[in-house]
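So the chains spell out like this:
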Protein chains: 2
Amino acid sequence: MEEQSIRVELSQSKKEKPKAVELVFGRIFTDHMFVMDYTEGIGWHNASIVPYQPITLDPAAMIFHYGQSVFEGLKAFRTKSGSVQLFRPEKNMERMNRSNERLVIPPIDEAFLVKAIKKLVEIDQEWVPDAEGTSLYIRPFIISTEPFLGVAPAHQYKFIVIMSPVGSYYKEGINPVKIAVENKYVRAVKGGTGEAKTGGNYAASLKAQEIVEKEGYSQVLWLDGVERKYIEEVGSMNVFFKVNGEIITPALNGSILPGITRDSVIHLLKHWGLPVTERRISMEEMYDAYEKGELEEAFGSGTAAVISPIGELYWEGKHIVINECKTGELSKKVYDTITGIQYGKIEDPFNWTVKVCETSKVK
Amino acid sequence: MEEQSIRVELSQSKKEKPKAVELVFGRIFTDHMFVMDYTEGIGWHNASIVPYQPITLDPAAMIFHYGQSVFEGLKAFRTKSGSVQLFRPEKNMERMNRSNERLVIPPIDEAFLVKAIKKLVEIDQEWVPDAEGTSLYIRPFIISTEPFLGVAPAHQYKFIVIMSPVGSYYKEGINPVKIAVENKYVRAVKGGTGEAKTGGNYAASLKAQEIVEKEGYSQVLWLDGVERKYIEEVGSMNVFFKVNGEIITPALNGSILPGITRDSVIHLLKHWGLPVTERRISMEEMYDAYEKGELEEAFGSGTAAVISPIGELYWEGKHIVINECKTGELSKKVYDTITGIQYGKIEDPFNWTVKVCETSKVK
Ligand SMILES: Cc1ncc(COP(=O)(O)O)c(C=O)c1O
Ligand SMILES: Cc1ncc(COP(=O)(O)O)c(C=O)c1O
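No experiment lies behind these values; they were computed from the predicted model shown.

Draft legend 1. Highlighting the site of ligand 2. All names here are of chain B. Not every one of the 15 residues close to ligand 2 is listed here, only the nearest: Tyr202, Glu233, Ile260, Thr261 and Thr303. Separating an oxygen atom of ligand 2 from a backbone N or O atom of Ile260 is a distance of 2.8 Å. Listing elements by their share of the shell around ligand 2, those giving two or more residues are α5 (260-271) and β16 (295-302). In the shell around ligand 2, the residues fall into four nonpolar, seven polar and four charged.

Next up, the structure:
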């Protein structure tokens, strides 16, 4: 297949950019977006960068009814020198294709889309903020657009990329969060769509999230859907525990989203020569470790927050306070290293960053 | 809360209606649609019947990302006398509110929406076809429209009703279908969203459906997500088995969609004094019954097909042929009775039908 070219239609006017202090997550979008269509028999075509604009769909468009969709989330960072870079974008496109496979959506050309994202970020480079902890959040997504009522894979799709300048995802910043273990609701189960990044998983999570928030917790810790014993994820993050010097994270079992931050954390820990294990972990095991005084740290990992230390876990009436509810040393070190690489403050030994443009006009 | 009034804006032109033989499921839509908006602080408002038209949304609209949506499906039928009637529409609105509850979508006013649907059908009454087995399929649905990237319940929604004149859902008609038992993929699990009518459940089902279709089966029989032993549903239908004179259907367990046809079938069987049981049924038990020659009939139930006899079940290498792959007597009787009531051919002892309008111009 010959690589597509990308048609570019620049916006006639530029929106006002928010001040660093006004940055919230996911509310403001840049001047342009990337769009590409899929039609059965033609394939993906019509790759374009166009002014950010509404999309118009038939009310019978399948996305409104049968949820056939996938998405990704990654970030562009402004370095001290003013240049802009991405973090492991090829991993996001790779995961998107795995999600596509599960959702019966036609595969995308990963390398081409990394290029398209780079081009879009380059065009909107002034939107990459430079204040500490800020970045440009990039959201590629695919929706089924065919107007048809019937449970079947669609014959038409749209691939879209929109971008939003963001501050920190969590109001608490790098401070530890309080998490409640969920016993009633289930996010995903083996054989389901848990390892794909698709809307339905997030829709399923809202109810439990709503309940724990009312009780003062910021996220849910999900247990497995079969035995309701084994730890899966924390909200929209993967999770790590440090027990007696060993770092443990749930093994990818079919219902856990394979996080790119998770992968980066594991790489980093191994690089540092620390013992890291991917395996099944029951909540009971963690509670036992806590009682023995061996549960040293716990943290979530994800693109939005990077690392989110867990200060307290609530489980079956028990309050498990971890590291006196302070950010642990390891959590801090992992956070500083990953963000250090992302913002170009420290060396990037793994070639994780992808340069978009050298220096650009400051926003 | 005072009941809303419905603004009506009639279409300036009328689309051409398909001929009875051209009717396929869910491809052609009527001249009008019902729309209503939700905004936090205001509630549901702006109820309108407008010409069928595309909807325009921000690309950040939450429905495209986090799948927060619910839908319903019911039908309007043309009786012999020319009048038009609905089948248990209040049940659909009731179920929609249960789905809303699970998906953290604000509740709707059920009685008002039954009225709105009646009004919409009345306006488009010429679209209710009159050929044998045809009907007007009605699709109410709710989508989250707020432009926001963040996993949380939306503050803005749209409730829409579109309608499509339909022939039979299954190309096979009332003839028995071949079904394959699914061992790898899971549709829903207890604690998940299986009992809600939400897009994610259908997105999750596509992969298994695609695989069995390639092998010549028309639908998947879903087993429970925990033990992978117990029968849940067949494709998008509930399922019934007749074993040694007793009619058995899986009990609603939290992961099964509570079908309105299912409820009607159970009512009918009880009315006839037949033994009907709702309980857990393992695939093994059905296989044993088959081996003993006691598995007399099996059928799926749903709005689209009403009753769909199962001629063959494929399970772990075994081909379970039921009633010589012919439509069973009971299946036929249930089908004839429910469709008889729906089309006003026979008496409606349960008050299931709701008249929309007396006689109308033939389409
Ligand atoms: C359910 C879930 N788990 C984990 C993650 C972390 O993945 P990543 O590190 O790729 O952002 C995400 C996405 O952010 C997620 O949505
Ligand atoms: C998953 C599923 N099960 C069962 C049914 C049957 O429900 P009803 O009889 O209300 O149409 C449906 C909907 O049609 C469905 O989507």
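Now that the structure has been shown, the text picks up again.
Draft legend 2. View of the packing of aromatic side chains. Evaluation of the coordinates by the stated rule reveals 35 aromatic pairs over all chains. Both rings, one in Phe240(A) and one in Phe299(A), keep their centres 5.1 Å apart while their planes meet at 15°; by these two values the pair is stacked. Taken together, the positions of Phe240(A) in strand β13 (residues 238-243) and Phe299(A) in strand β16 (residues 295-302) put the pair 59 residues apart, joining distant regions of the chain. Arranged with centres 5.8 Å apart and planes meeting at 40°, the rings of Tyr287(B) and Tyr290(B) form a pair that is tilted. Taken together, the positions of Tyr287(B) and Tyr290(B), both in helix α6 (residues 283-291) and three residues apart, correspond to about one turn of that helix. Overall, Tyr290(B) belongs to the partly exposed group, its relative accessible area being 27%. By the ring-pair criterion, three or more aromatic residues cluster together here, those being Phe34(A), Tyr38(A), Trp44(A), Tyr157(A) and Phe159(A). Sitting over the ring of Tyr287(A), Lys318(A) keeps its end group 4.9 Å from the ring centre. In this structure, Lys15(B) packs its charged tip against the face of Tyr52(B), placed 4.4 Å from the ring centre.

Draft legend 3. Examining the packing of helix α2 (residues 89-103) of chain B against helix α3 (residues 110-123) of chain B more closely. Residue and element names in this part refer to chain B. Contact geometry of α2 with α3 gives a least axis separation of 9 Å together with a crossing angle of 130°. Between α2 and α3, the interaxial angle falls into the category oblique. Of the two elements, α2 crosses α3, and the hand of that crossing is right-handed. For the pair formed by α2 and α3, the contact residues are Pro89, Glu90, Met93, Glu94 and Asn97 on the first element and Glu110, Leu113, Val114 and Ile117 on the second. In terms of residue class, the contact of α2 with α3 is made up of five nonpolar, one polar and three charged.

Draft legend 4. Here's a closer look at the interface of chain B and chain A. In this complex, chain B contributes 62 residues to the contact, which on the side of chain A involves 63 residues. Buried area between chain B and chain A, summed over both chains or domains, comes out near 5,100 Å², and the portion from carbon and sulfur atoms is 63%. Looking at the side of chain B facing chain A, the largest losses of area belong to Phe64(B), Leu149(B) and Leu206(B), adding up to 13% of the total buried there. The interface formed by chain B and chain A contains four salt bridges. Residues Lys207(B) and Glu101(A) are paired through a salt bridge, measuring 2.9 Å at the closest nitrogen-oxygen approach. Breaking the side of chain B that touches chain A down by element, the ones donating at least two residues are β4 (55-57), α1 (63-66), β5 (69-71), α2, β8 (135-144), β9 (156-166) and α4 (199-214) of chain B.

Draft legend 5. The relation of the copies chain B and chain A, seen in detail. Overlay of chain B on chain A (RMSD 0.0 Å): rotation 180°, translation along the axis 0.0 Å. Here the transformation between the copies is reduced to the relation of a two-fold axis. Looking at chain B, 100% of its interface residues are interface residues in chain A too, so the copies touch through the same face.

Draft legend 6. The arrangement of the site of ligand 1 in detail. Residues and elements named next belong to chain A. Contacts to ligand 1 come from 15 residues, most closely from Tyr202, Glu233, Ile260, Thr261 and Thr303. For ligand 1, an oxygen atom lies 2.4 Å from a polar atom in the side chain of Tyr202. In the environment of ligand 1, an oxygen atom lies 2.6 Å from a nitrogen or oxygen atom belonging to the side chain of Thr261. Here ligand 1 has 380 Å² of accessible area as a free molecule, and 95% of this is covered by the chains.

Draft legend 7. Representation of the packing of α5(B) against helix α7 (residues 329-342) of chain B within the structure. Residue and element names in this part refer to chain B. Put simply, α5 and α7 touch, their axes get as near as 11 Å, and they point 110° apart. In terms of axis orientation, α5 runs roughly perpendicular to α7. Together, Thr261, Ser264, Val265, Leu268 and Leu269 of α5 and Leu330, Val334, Thr337 and Ile338 of α7 make up the contact between the two elements. When the residues that make up the contact of α5 with α7 are grouped by side-chain class, the tally is six nonpolar, three polar and no charged.

Draft legend 8. Inspection of the UniProt feature "modified residue: N6-(pyridoxal phosphate)lysine" (unreviewed entry) in chain A at higher detail. Residues and elements named next belong to chain A. Per the UniProt record, the feature "modified residue: N6-(pyridoxal phosphate)lysine" (unreviewed entry) sits at Lys197. Of note, Lys197 is situated in the loop between β10 (177-181) and α4 (199-214). Excluding its chain neighbours within four sequence positions, the residues that come into contact with Lys197 are Ser69, Val70, Phe71, Glu72, Gly73, Arg95, Ser99, Tyr202 and Leu257.

Draft legend 9. Representation of α4(B) within the structure. Between its first and last C-alpha atoms α4(B) spans 23 Å; for 16 residues at 1.5 Å apiece the expected length is 22 Å, and the two agree. Across the 16 residues that make up α4(B), a large majority, 12, are buried. Three or more residues of α4(B) are buried, namely Gly199(B), Gly200(B), Asn201(B), Tyr202(B), Ala203(B), Ala204(B), Ser205(B), Leu206(B), Lys207(B), Ala208(B), Gln209(B) and Val212(B). The secondary structure elements touched by the buried residues of α4(B) are α1 (63-66), α2 (89-103) and α4 of chain A together with β5, β10 (177-181) and β11 (219-223) of chain B. Phi for Gly216(B), located one or two positions after α4(B), is positive at around 90°.

Draft legend 10. The arrangement of the pattern of salt bridges in detail. With the rule as written, the count across this model stands at 41 salt bridges over all chains. Two residues, Glu126(A) and Lys17(A), come together in a salt bridge whose shortest N-O distance is 3.6 Å. Of this pair, Glu126(A) sits in the loop between α3 (110-123) and β8 (135-144) while Lys17(A) sits in the loop between β1 (7-8) and β2 (32-39), and the two are 109 residues apart along the sequence. Exposure remark for Lys17(A): the relative accessible area of 22% places this residue in the partly exposed category. Close ionic contact of Arg187(B) with Glu233(B) constitutes a salt bridge, the shortest N to O distance being 2.9 Å. Residue Arg187(B) is located in the loop between β10 and α4, and its partner Glu233(B) is located in strand β12 (residues 231-234); the two are separated by 46 residues in the primary sequence. Assessed through its relative accessible area of 9%, Arg187(B) is described here as buried. Connected through salt bridges with shared partners, the residues Lys14(A), Lys17(A) and Glu126(A) form a single ionic network.

Draft legend 11. Representation of the pairing of strand β7 (residues 84-87) of chain B. Residue and element names in this part refer to chain B. What you see with β7 is no split at all: Val84 and Leu86 on one side and Gln85 and Phe87 on the other are buried throughout. As paired elements, strand β6 (residues 74-78) and β7 share three bridges and run antiparallel to each other. Looking across to β7, one finds that Ala76 is bridged to Leu86. Count of turn residues in the β6/β7 antiparallel hairpin: five residues, of which Gly82 carries a positive phi of about 100°. Across four bridges, β7 lies against strand β19 (residues 353-357) in antiparallel orientation. The partner of Phe87 across the bridge, within β19, is Thr353.

Draft legend 12. Looking closely at the domain arrangement of chain A. All names here are of chain A. What the domain assignment reports for chain A is domain 1 (7-171 + 351-357) and domain 2 (177-326). Of the residues lining the interface, 22 residues belong to domain 1; the matching set on domain 2 comes to 22 residues. Between Asp263 and Arg88 there is a salt bridge; the shortest N-O distance is 2.9 Å. Taken together, domain 1 and domain 2 are joined by 10 residue pairs in polar contact (both at pLDDT 80 or more). When contributions to the side of domain 1 that touches domain 2 are tallied by element, the ones reaching two or more residues are β5 (69-71), β6 (74-78) and α2. Here the side of domain 1 that touches domain 2 gets seven residues from one element, more than from any other, and that element is α2. Here the side of domain 1 that touches domain 2 is built from residues that sort into 10 nonpolar, five polar and seven charged.

Cut-off values and rules
- Residues numbered from 1 in each chain as written.
- Chains lettered and ligands numbered in written order.
- Predicted model: local features only at pLDDT ≥ 70, side-chain atom pairs only at ≥ 80, totals over all residues.
- Heavy atoms only, no water.
- Near = heavy atom within 4 Å.
- Polar contact = N/O pair within 3.5 Å; in protein donor to acceptor, adjacent residues only side chain to side chain.
- Helix = DSSP H or I, 4+ residues; strand = E, 2+ residues; numbered from the N terminus.
- Nonpolar A, V, L, I, M, F, W, Y, C, P; charged D, E, K, R; others polar.
- Phe/Tyr/Trp six-rings, centres within 6.5 Å; stacked < 30°, edge-to-face > 60°.
- Buried < 20%, exposed > 50% of the residue type's maximum accessible area, 1.4 Å probe, protein only.
- Lys NZ or Arg CZ within 6 Å of the ring centre and 35° of its normal.
- Axes fitted to C-alpha atoms, helices over the stretch in contact; angles between N-to-C directions.
- Parallel < 35°, antiparallel > 145°, perpendicular 65-115°, else oblique.
- Left-handed = near helix turned anticlockwise from the far one by under 90°.
- Contact = heavy atoms within 4.5 Å.
- Buried area = accessible area lost by both parts, 1.4 Å probe.
- Salt bridge = Lys/Arg side-chain N within 4 Å of Asp/Glu carboxyl O.
- Least-squares fit on C-alpha atoms with pLDDT ≥ 70 in both.
- Areas by Shrake-Rupley, 256 points an atom, 1.4 Å probe, with all protein chains shown as cover.
- UniProt positions renumbered as here; feature names shortened; annotations may be inferred.
- Expected span 1.5 Å × (residues − 1).
- Pairing = 2+ DSSP bridges.
- Domains from an automatic or database assignment.

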